[in-house]
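Now for the letters of each chain:
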Amino acid sequence: MDIWLDSLITETPQQGFELAITLSRRGVKYTQPDPEVLKELRAHYANSAEGLTAASHVVALNFQTVAAANNYWRK
């Protein structure tokens, strides 16, 4: 396994949100490592309000985790 995540700490909330998206995408990739299956499934969820809502929920949960790790970027 390649090590790609060495910290949840980011300089800004924007970077934290981008990290949350990366975490979400990586989670899908680890769950379904076959790129052909991922490509096939994407057409389904990309046109599904429920699928997009679920994907947004996963990103929000990951952003919540990153924000907490960064003390909500308080100074």
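Just above, that's the structure.
Heads up: these notes are all about the structure in this document. (Residues numbered from 1 in each chain as written. Predicted model: local features only at pLDDT ≥ 70, side-chain atom pairs only at ≥ 80, totals over all residues. Heavy atoms only, no water.)

Describing the packing of helix H1 (residues 13-31) against helix H3 (residues 49-69)
Then, number 1: The interhelical angle for the contact between H1 and H3, taken along N-to-C directions, is 130 degrees, at an axis separation of 8 Å. On the basis of their axis angle, the class for H1 and H3 is oblique. Once H1 is placed against H3, the crossing between them reads as right-handed. Listed contacts from H3 to Pro13, Gly16, Phe17, Leu19, Ala20, Ile21, Leu23 and Ser24 of H1 are Val58, Val59, Asn62, Phe63 and Val66.
Then, number 2: Split by residue class, the contact of H1 with H3 holds 10 nonpolar, 3 polar and no charged. (Axes fitted to C-alpha atoms, helices over the stretch in contact; angles between N-to-C directions. Helix = DSSP H or I, 4+ residues; strand = E, 2+ residues; numbered from the N terminus. Parallel < 35°, antiparallel > 145°, perpendicular 65-115°, else oblique. Left-handed = near helix turned anticlockwise from the far one by under 90°. Contact = heavy atoms within 4.5 Å. Nonpolar A, V, L, I, M, F, W, Y, C, P; charged D, E, K, R; others polar.)

A few points about the nonpolar core
Then, number 1: One finds Leu19, Leu23, Val66, Ala67 and Trp73 forming the largest nonpolar core, which totals 5 residues.
Then, number 2: Counting only elements with at least two residues in this core, the list comes to H1 and H3.
Then, number 3: Residues within four places of alanine 67 in sequence aside, it is in contact with Tyr72 and Trp73. (Core = buried A, V, L, I, M, F, W, Y, C linked by side-chain atoms within 4.5 Å. Buried < 20%, exposed > 50% of the residue type's maximum accessible area, 1.4 Å probe, protein only.)

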